[in-house]
Amino acid sequence: MHLAREFERRCEALFQQGLVRGSLHMCIGQEATAAGAALALRDDDLLITNYRGHGHALAKGISPRAAMAEMLGKVTGCCKGKGGSMHWTDVSKGILPANAIVGGGFPTIVGATLAAKMDKLDRVGVLFFGDGATNQGTAHEAMNLAAIWKVPSIFICENNLYSEMTPISKTTPNKDLAERALAYRIPAVIVDGNDVEAMNDAVCNAVQRGRRGDGPTFIEAKTYRTVGHMIGDSQIYRPKDEVELWRTERDPITLCASKLLTRGVTAAELSAIEHDVTAILDDAVQFAKESPYPELDEVFEDVYGK
Amino acid sequence: MIRELTYSQALREALTEEMERDANIILMGEDIGVYGGVFKVTDGLMAKFGEQRVIETPISESGFVGAAVGLAMCGKRPMAELMFMDFAWVAADQIFNQATKMRQMSGGQVSVPMVIRTQQGGGRGNAAQHSQCLEAHFAHIPGIKIALPATPHDAKGLLKQAFREQDPVVVIEHKLLYNTKGDVPENLAPIPFGVAEIKRSGSDVTIISYSRTLLHALEAADSLAKSGISAEVIDLRTIMPLDMETVVKSVRKTNRAVVAHEAHRNAGFGAELAARITEQCFGWLDAPVERVAALDVPIAYSQPLEAHTLPSPEKIIAAAKKVMYKN
């Protein structure tokens, strides 16, 4: 969680220096969903995330060096600099290309897990998406297919109450999006997405169901991004005290740290994690900055196979 | 010895042989199982290969085309059948934003070796939402290959090749070709993409075409011969990759070119061909390149209106005479 947050803080600074291009969508405030889920997964389990997916991919094991180099468009990036912030991929860690079309990954995860089922592998596939994605047709088509094909897809909805800049009350009649999965007879649970343990429990259960051949699961994680939809978002669509409440009292990292302290982890151990993360990120940023840009001929590579 | 098959039979033979060769090939689509597909191309394949490999999907084009993308990224070779080309729009995100981009976005870490089989075209009174020819839309997006067989022979050979490619391929059939017959030898090898075929040699004008319009072009060439005009007819067979070498060589010989297809004229693939011919043969051309294509209106239901909209041998003859400056 700490790695994800600090990684994005570095990205924010690099964006302001003009080194990160395009749009930057940060998951600050939502890190527990990623950490809780990834701890339940193996390397060969599949992940498809979305444009707010840095936390998910880092938790699933993508190299911070390769990820940071990708942010800077360098040839040493996880996608050789061709994908940028929104398409991180590391097949060796089960991370399929992240998707920047809202709802675009739904059918893909169903196909990917159908392949696993056909090959009689016990791997599962996790799809992360936001509340807004559940209003796309692909979400409904894919949940229907997952249900009839009984594939080990785990649909994790990060309901952060806003689809981009519009509150959920204006976009959907459901308060709980888990209801939508029930329409397809997919078992669905609602969890506190800022509680990393609760998140982990829910995903562990879903993973067991998937590995047993019991089919898909839907998890609605109630959470909140305490930063804008993207860099430069004025956030005029939500009250400041609401953001402040989530940032202070419900911050997943603070909540986790407090819990660990009550369980006998020492403050020194916690600050050691922070020091480690700082060292990892110092190294990643230096690596990314020192790496070369791709050669121009590289633009013709990876369009078609050879 | 000539072995005559229909276009449908040739396609079915290709599917059968490929599925026997590669256990990773899976067919998905609407009504393709027990019913055998609305054009009966997959007739009998579910009985032969089972429900695991011939999957009857819901009417859910984004869903199953997208599922094919996921299957392809995970080691399978899925074929998604779009019952009508017009439904490609329904699955457009999954085709154009997903399937074609995955290899590049991931820096080459994944590939999407999937086949989309579909049919297009008018001439049967299917009206505006079931008659469009949309190959130009696919040609505009890098990352996919496009085959448009005109004969049973090429239908089999190109479909077999489609299952050996490493990238998404759309095999575009024509609804009025399914019952046409032609020679399809036993043990036909896959036909490599990007190799056009000169279907008829000639010296006065080159007619470049593909899919069903190729048959119109051949008919036009017969008729032109009677008027003393010798037409060379080229079947492109695939438009991505595109065999410009064969086209350029022919046009530099005949000095005149007509491009003919059933898709709309405006921004159709013929416009790309005309531009490339002009770029590569300008000094050889004795007349501007002529385009024969559908009128730029939605395809009407009424028979006379539809016939008026679509290309015909007569329209190709008129275009050839125009570039010959003859009436």
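These numbers come from a predicted model, not from an experiment.

About the thresholds
- Residues numbered from 1 in each chain as written.
- Chains lettered and ligands numbered in written order.
- Predicted model: local features only at pLDDT ≥ 70, side-chain atom pairs only at ≥ 80, totals over all residues.
- Heavy atoms only, no water.
- Helix = DSSP H or I, 4+ residues; strand = E, 2+ residues; numbered from the N terminus.
- Rg over C-alpha atoms; globule rule 2.2 N^0.38 Å.
- Buried < 20%, exposed > 50% of the residue type's maximum accessible area, 1.4 Å probe, protein only.
- Contact = heavy atoms within 4.5 Å.
- Areas by Shrake-Rupley, 256 points an atom, 1.4 Å probe, with all protein chains shown as cover.
- 1 Å grid on protein atoms, 1.4 Å probe; cavity = no way out; pocket = protein on both sides within 12 Å on 5 of 7 lines; lining within 4 Å.
- Points joined across faces, edges and corners; volume = space filled by probe spheres on them.
- Nonpolar A, V, L, I, M, F, W, Y, C, P; charged D, E, K, R; others polar.
- Salt bridge = Lys/Arg side-chain N within 4 Å of Asp/Glu carboxyl O.
- Phe/Tyr/Trp six-rings, centres within 6.5 Å; stacked < 30°, edge-to-face > 60°.
- Lys NZ or Arg CZ within 6 Å of the ring centre and 35° of its normal.
- Domains from an automatic or database assignment.
- Buried area = accessible area lost by both parts, 1.4 Å probe.
- Polar contact = N/O pair within 3.5 Å; in protein donor to acceptor, adjacent residues only side chain to side chain.
- Pairing = 2+ DSSP bridges.
- Axes fitted to C-alpha atoms, helices over the stretch in contact; angles between N-to-C directions.
- Parallel < 35°, antiparallel > 145°, perpendicular 65-115°, else oblique.
- Left-handed = near helix turned anticlockwise from the far one by under 90°.
- Core = buried A, V, L, I, M, F, W, Y, C linked by side-chain atoms within 4.5 Å.

Peer 1: Got a minute to help me understand the overall build of chain B in this structure?
Peer 2: Per the secondary structure count, chain B includes 12 helices and 14 strands. Computed over its C-alpha atoms, the radius of gyration of chain B comes to 20 Å, within 12% of the 20 Å expected for a compact globule of 327 residues. Reported as C-alpha extents along the three principal axes, the dimensions of chain B are approximately 60 × 40 × 40 Å. Within the span of chain B, comprising 327 residues, buried residues form 61% of the whole. For chain B, the proportion of contacts with a sequence separation of at least 24, taken over those separated by at least 6, is 81%. Here chain B has roughly 12,200 Å² of accessible surface; of this, 51% comes from carbon and sulfur atoms.

Peer 1: Please explain the layout of surface pockets as it appears in this structure.
Peer 2: It is a probe the size of a water molecule, rolled over the atoms, that shows where empty space is left. Residues and elements named next belong to chain A. Taken as a whole, the largest pocket encloses approximately 480 Å³ of empty space. Considering the residues around the largest pocket, the lining is formed by 20 residues, among which M1, H2, I253, C256 and I273 are closest to the centre. Every element with two or more residues in the lining of the largest pocket is listed here: α1 (2-16), α2 (31-38), α3 (54-60), α11 (252-262) and α12 (267-290). Considered class by class, the residues forming the lining of the largest pocket number 16 nonpolar, 2 polar and 2 charged. Size it by volume and the second largest pocket reaches roughly 380 Å³.

Peer 1: Mind showing me how you'd approach the pattern of salt bridges here?
Peer 2: Two side chains of opposite charge can pair, provided their charged atoms sit close to one another. A full pass over the atoms with the stated rule returns 43 salt bridges over all chains. One salt bridge connects R65 of chain A with D283 of chain A, and the closest N-O pair in it is separated by 2.8 Å. Here D283 of chain A lies in helix α12 and R65 of chain A lies in helix α4 (residues 64-71), a separation of 218 residues in the sequence. E173 of chain B is paired through a salt bridge with R117 of chain B; the nearest N and O atoms lie 2.6 Å apart. You can see E173 of chain B sitting in strand β7 (residues 169-174) and its partner R117 of chain B sitting in strand β5 (residues 115-120), a full 56 residues away along the chain.

Peer 1: What am I meant to see in the packing of aromatic side chains here?
Peer 2: Within a pair of aromatic rings, the relevant descriptors are the distance that separates the centres and the angle that separates the planes. All told, the structure shown has 12 aromatic pairs over all chains when counted by the stated rule. Taken together, the ring pairs connect Y7, F39, F84, F87 and Y178 of chain B into an aromatic cluster. Sitting above the plane of the W246 of chain A ring, R250 of chain A keeps its charged end 4.5 Å from the centroid.

Peer 1: Got a minute to help me understand the domain arrangement of chain B in this structure?
Peer 2: Accessible area lost during the coming together of the parts is what is often quoted as the interface size. Residue and element names in this part refer to chain B. Annotation of chain B at the domain level lists domain 1 (4-183) and domain 2 (197-323). For domain 1 and domain 2, the distance between their C-alpha centres works out to 26 Å. Of the roughly 2,000 Å² buried between domain 1 and domain 2 on both sides combined, carbon and sulfur atoms contribute 62%. Contact with domain 2 buries surface across domain 1, with E135, L148 and A150 losing the most and accounting together for 22% of the total. Joining domain 1 to domain 2, the criterion identifies 1 salt bridge. The partner of D154 in a salt bridge is R237, with the nearest N and O atoms 3.2 Å apart. The interface formed by domain 1 and domain 2 holds 11 residue pairs in polar contact (both at pLDDT 80 or more) in total. Counting only elements with at least two residues in the side of domain 1 that touches domain 2, the list comes to α6 (135-139), β6 (145-147) and α7 (152-162). Of the residues contributing to the side of domain 1 that touches domain 2, the split by class is 14 nonpolar, 7 polar and 4 charged.

Peer 1: In this structure, what is going on with the pairing of strand β4 (residues 77-82) of chain B? I would like to understand it.
Peer 2: Within a regular strand, the side chains alternate between the two sheet faces. All names here are of chain B. Among the 6 residues that make up β4, 6 are buried, leaving the element largely enclosed by the rest of the structure. On β4, burial covers both faces: R77, M79 and E81 on one face and P78, A80 and L82 on the other are all buried. In the sheet, strand β2 (residues 25-29) pairs with β4 via 5 bridges, with the strands oriented parallel. What sits directly across from I26, in β4, is P78. Examined bridge by bridge, β4 and β5 share 4 bridges and lie parallel to one another. Counted as the bridge partner of E81 is R117 from β5.

Peer 1: Would you mind going over the sheet that holds strand β10 (residues 205-209) of chain B with me for this structure?
Peer 2: Whenever strands of a sheet pair, they do so through backbone hydrogen bonds, lying parallel or antiparallel. Residues and elements named next belong to chain B. Strand order in the open sheet formed by 5 strands is β9-β11-β10-β13-β14, and the pairing between neighbours is mixed. The sheet is open, and its two borders are formed by β9 (197-200) and β14 (290-294), each paired with just one other strand. Taking the axes of each pair of neighbouring strands and ignoring which way they run, one obtains an average angle of 25 degrees across the sheet. By the bridge criterion, 5 bridges tie β10 to strand β11 (residues 231-235) in an arrangement that is parallel.

Peer 1: I would appreciate a short explanation of unusual backbone geometry in the present structure.
Peer 2: The general pattern is negative phi for most residues beyond glycine and trans for most peptide bonds. All names here are of chain B. Cis geometry is found at the peptide bond from M240 to P241, where omega equals 0 degrees. Summarising the element assignment, P241 is placed in the loop between β12 (238-240) and α9 (244-254). Located in the positive-phi region is S211, a residue other than glycine, with phi close to 55 degrees. Within the secondary structure, S211 is located in helix α8 (residues 211-226). Judged by relative accessible area, which is 5%, S211 ranks as buried.

Peer 1: Is there a simple way to think about the packing of helix α5 (residues 106-118) of chain A against helix α6 (residues 137-149) of chain A in this case?
Peer 2: All names here are of chain A. Running from N to C, α5 and α6 point in directions that differ by 15 degrees, and their axes come no closer than 8 Å. The pairing of α5 with α6 is recorded here as roughly parallel in orientation. Our pair here, α5 against α6, has a crossing hand that is left-handed. Packed against α5, whose contacting residues are F106, P107, V110, L114 and K117, the element α6 presents T138, A139, A142, L145, A146 and W149 at the interface. Its residues assigned to classes, the contact of α5 with α6 comprises 9 nonpolar, 1 polar and 1 charged.

Peer 1: Teacher, can you tell me more about the nonpolar core here?
Peer 2: Most often, soluble globular proteins have nonpolar side chains that are buried together. In this structure, F155 of chain A together with I95, I208, L236 and I277 of chain B are the most contacted members of the largest nonpolar core, which totals 112 residues. The element that contributes the greatest number of residues to this core is helix α3 (residues 61-73) of chain B, accounting for 8 residues. Excluding anything up to four places from it in sequence, I208 of chain B contacts I234, L236, V247, V251, A257, V258, V259, A260, L273 and I277 of chain B. One finds V20, L41, A57 and I154 of chain A within the second-largest nonpolar core, a separate group that totals 46 residues.

Peer 1: Sorry if this is basic, but what is going on with the interface of chain B and chain A here?
Peer 2: The interface of chain B with chain A comprises 39 residues on the first partner and 35 residues on the second. Between chain B and chain A, roughly 2,900 Å² of surface is buried when both sides are summed, and carbon and sulfur atoms account for 64% of that area. Counting across the chain B and chain A interface gives 1 salt bridge. In this structure, D119 of chain A engages K76 of chain B in a salt bridge whose closest nitrogen and oxygen atoms are separated by 2.5 Å. At the junction of chain B with chain A, the criterion picks out 15 residue pairs in polar contact (both at pLDDT 80 or more). Listing elements by their share of the side of chain B that touches chain A, those giving two or more residues are β2, α3, α4 (92-99) and α5 (102-105) of chain B. Ranked by the residues each element gives to the side of chain B that touches chain A, the list is headed by α3 of chain B, at 10 residues. Residue composition of the side of chain B that touches chain A, grouped by class: 16 nonpolar, 17 polar and 6 charged.

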